[in-house]
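# Structure at a glance
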Amino acid sequence: MDSSSLKGLLEEHAQLEEQLADPSVHADQARARKLGRRYAELSPVVKTVRELDTAREDLETAKELAAEDSAFAAEAEEISAKIPVLEAKLTELLLPRDPYDGSDVVMEIKSGEGGEESALFAGDLLRMYLRYAERRGWKAEVLDSVDSDLGGFKDVTVSIKSRSAEADGVWARLKFEGGVHRVQRVPATESQGRIHTSASGVLIYPEPEDVEVEIDPNDLRIDVYRSSGPGGQSVNTTDSAVRITHLPTGVVVSCQNEKSQIQNRARALQVLQARLQAIAEEEAAAKASDARRSQVRTVDRSERVRTYNFAENRIADHRVNYKAYNLDQVLDGDLDGVLDALITADREERLAAHAG
C-alpha cells in the first residue's frame, strides 16, 4: 500500500475516534456498532504504523549515538532487527479483508446419510457450536428445529451473534465450517458394536446488517402453523410459527421460537435475507472464478471437510491436513485448535498471493 493510502487509513481512524466519542452517535446502535467495528479493524494498523515509525526514529538516533559511543551499536542492531518484523506485520494487516469478518452468522445443521445416527450427530454438532459460542461470550439462539425420534435433529437453524463490535467477529472464526462433517462411531442403534460412518451437513452464512438483496413480496409464500416442541407436542395454542418460501429460488426458512407470529415472521425474513445474500455471492464467485484465488472455504457444500472418529478420539480436517486426538474436548466446545489451523492456512495463502 502506498503512503497516501496509508495516510488515508490513519485519517479515517482519527475521524472514527472522534465520531465514537460523540454521545449522539450512540443513539443509533446499528450505526455505532458499524463505526465501532471499523475502528476495531483499523486500530491494529494504526498501532503497528506508530510502532514502526518509532522504531525507525529510534534506529536513526541509535546510529548517531553509536558513531560517538560504540555501546549504542548493540542497541542499533536490536532495533534494526525489529523493523522487518513490524513491516511484515503491517503487510499482513493491510491484506484485503473478507468484508464479512465482523459479521454475525446464521448456521444450519442438517442430518444426511445415516438416518437416526446422522440426526444424533447433528445434535452433537449443534451442542459443540453452542458450547463454543458460550466460551467466546457470543449469544447463540436456536431459531427453528426439526427433531428426530431419538432426540437428534433432522434440521436445526441457529443464530450466533457477538456481543460487541469486533473486527474479527463470529464469521471470521466460523466461516470455514460449511461442508459435510463425517462421523465414525458405534451408533446407539447398533446392537452388534460395529462402527458405522454417517454424515451431517453444515451451512453457514453471514447475517447482513443492511439489506443488500431486494426481496419482492410477490415472490414469497408465507405459511403460519402451530409451534411444536420436542416429540411433536404443541407448545403454543396459536398459529405463531412462520414458514416463508422464496418462490424463484425454492429457499424455505421457518422460525417458531419467537413469542409472536410478527416476531417469527421478522426473524424468518432476516434468515431468508442472509440465505439469498449467500446464494448471490456464490453465483458471483462462480462467474468470477478465473479472477479469484482458490480459498480454503469452498462453495461446494458437498465437500467432506472433517471427520470425527470416536474410537480413536480423533478429529481430522481434510482441507489443511489437521489431525488431533482430543475429539471429546472438541465436542465440548474446544474448537480453537482446528479453527486456528484453517485461519492460518487462509492467511498464508493470501500472503503468498500478495507476494506473487
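Located above this text is the structure these notes cover.
No experiment lies behind these values; they were computed from the predicted model shown.

### As for the pattern of salt bridges
One pass over the full model with this rule turns up 28 salt bridges. Arg97 is paired through a salt bridge with Asp168; the nearest N and O atoms lie 3.2 Å apart. Taken together, the residues span a long stretch of sequence, with Arg97 in the loop between α3 (73–93) and β1 (104–111) and Asp168 in the loop between β3 (153–161) and α5 (170–174) at a distance of 71 residues. Judged by its relative accessible area of 42%, Asp168 falls in the partly exposed class.

### Describing the packing of aromatic side chains
Per the counting criterion, the structure on display carries two aromatic pairs. A centroid spacing of 5.7 Å and a plane angle of 80° characterise the contact between Tyr132 and Trp138, whose relative ring orientation is edge-to-face. The ring of Phe310 is capped by Arg185, whose NZ or CZ atom sits 4.7 Å from the centre of that ring. Sitting over the ring of Tyr225, Arg243 keeps its end group 4.4 Å from the ring centre.

### Brief notes about the sheet that holds strand β6 (residues 220–225)
Across the sheet, three strands lie side by side as β6-β7-β8; this open sheet has antiparallel pairing. In this open sheet, the two edge strands, each paired with only one partner strand, are β6 and β8 (251–255). Across the sheet, the axes of successive neighbouring strands diverge by a mean angle of 15°, strand direction being ignored. Relative to β8, strand β7 (residues 241–246) runs antiparallel, the two sharing five bridges. Its bridge partner lying in β8, His246 is registered against Val251.

### Structural notes on the side chain of Lys175
Here Lys175 shows up in the loop between α5 and β4 (179–185). Among the polar contacts made by the side chain of Lys175, one reaches the side chain of Asp101 at a distance of 2.8 Å.

### What to know about the environment of Arg97
Accessibility expressed as a relative area gives 32% for Arg97, which makes it partly exposed. For Arg97 and Glu41, which are 56 residues apart along the polypeptide, the C-alpha to C-alpha distance reads 9.6 Å. Within the structure, Arg97 has its side chain in polar contact with the side chain of Glu41 (distance 3.5 Å).

### Regarding the side chain of Ser118
Tracing the chain through its elements places Ser118 in helix α4 (residues 115–136). On the basis of relative accessible area, Ser118 is assigned to the buried category, the value being 0%. Ser118 has contacts with Ser111, Gly112, Glu113, Ser198, Ala199 and Ser200, leaving out every residue within four places of it along the chain.

### Structural notes on the pairing of β3
By the bridge criterion, six bridges tie β1 to β3 in an arrangement that is antiparallel. The residue of β3 that forms the bridge with Ile109 is Val156. Where strand β2 (residues 139–147) folds back onto β3 in an antiparallel hairpin, the turn is made up of five residues, including Gly151, whose phi is positive at roughly 100°.

### Here we look at the packing of helix α2 (residues 29–68) against α3
Between α2 and α3, the shortest axis-to-axis distance is 9 Å and the interhelical angle comes to 160°. In terms of orientation, α2 lies roughly antiparallel with respect to α3. Note on packing geometry: the crossing formed by α2 with α3 is left-handed. In terms of residue class, the contact of α2 with α3 is made up of 15 nonpolar, two polar and six charged.

### Digging into the nonpolar core
Counting residues in hydrophobic clusters, the biggest one holds 36 residues, and the most contacted among them are Ile109 and Leu174. Broken down by secondary-structure element, the contributors of at least two residues to this core are β1, α4, β3, α5, β5 (196–207), β11 (322–324), α7 (327–331) and α8 (336–355). Setting aside its immediate chain neighbours within four residues, Leu174 contacts Met107, Tyr132, Trp138, Ile160, Ile204 and Leu339. Counting 15 residues, the second-largest nonpolar core is a separate cluster that includes Ile244, Val271, Leu272 and Ala278.

### Some thoughts on the packing of helix α1 (residues 3–20) against α2
Packing of α1 against α2 leaves a shortest axis separation of 9 Å and a crossing angle of 135°. Between α1 and α2, the crossing angle belongs to the class labelled oblique. You can see that α1 and α2 cross each other, and the crossing is left-handed. In contact with Leu6, Leu9, Leu10, Glu12, His13, Leu16, Glu17, Gln19 and Leu20 of α1, α2 contributes Arg31, Ala32, Leu35, Gly36, Arg38, Tyr39, Leu42, Ser43, Val45, Val46 and Val49. Taken together, the residues that form the contact of α1 with α2 break down as 12 nonpolar, four polar and four charged.

### Thoughts on α4
Look at α4: 32 Å from first C-alpha to last across 22 residues, which is about the 32 Å you get at 1.5 Å a residue. Count one or two residues on from α4 and you reach Gly137, which has phi positive near 80°.

### A short note on the pairing of β2
Bridging between β2 and β3 involves eight bridges; their strand directions are antiparallel. Within the sheet, the bridge partner assigned to Val146 lies in β3 and is Asp155.

### Thoughts on the sheet that holds strand β9 (residues 304–309)
With mixed pairing, eight strands are arranged side by side in an open sheet as β2-β3-β1-β5-β4-β9-β10-β11. Strands with a single pairing partner mark the edges of an open sheet, and in this sheet they are β2 and β11. Across the sheet, the mean angle from the axis of one strand to that of its neighbour is 15°, orientation sign disregarded. Its contacts with the sheet place α8 against β9, β10 (314–317) and β11, and it is angled at close to 165° to β11.

What counts as what
Residues numbered from 1 in each chain as written. Predicted model: local features only at pLDDT ≥ 70, side-chain atom pairs only at ≥ 80, totals over all residues. Heavy atoms only, no water. Salt bridge = Lys/Arg side-chain N within 4 Å of Asp/Glu carboxyl O. Helix = DSSP H or I, 4+ residues; strand = E, 2+ residues; numbered from the N terminus. Buried < 20%, exposed > 50% of the residue type's maximum accessible area, 1.4 Å probe, protein only. Phe/Tyr/Trp six-rings, centres within 6.5 Å; stacked < 30°, edge-to-face > 60°. Lys NZ or Arg CZ within 6 Å of the ring centre and 35° of its normal. Pairing = 2+ DSSP bridges. Axes fitted to C-alpha atoms, helices over the stretch in contact; angles between N-to-C directions. Polar contact = N/O pair within 3.5 Å; in protein donor to acceptor, adjacent residues only side chain to side chain. Contact = heavy atoms within 4.5 Å. Parallel < 35°, antiparallel > 145°, perpendicular 65-115°, else oblique. Left-handed = near helix turned anticlockwise from the far one by under 90°. Nonpolar A, V, L, I, M, F, W, Y, C, P; charged D, E, K, R; others polar. Core = buried A, V, L, I, M, F, W, Y, C linked by side-chain atoms within 4.5 Å. Expected span 1.5 Å × (residues − 1).

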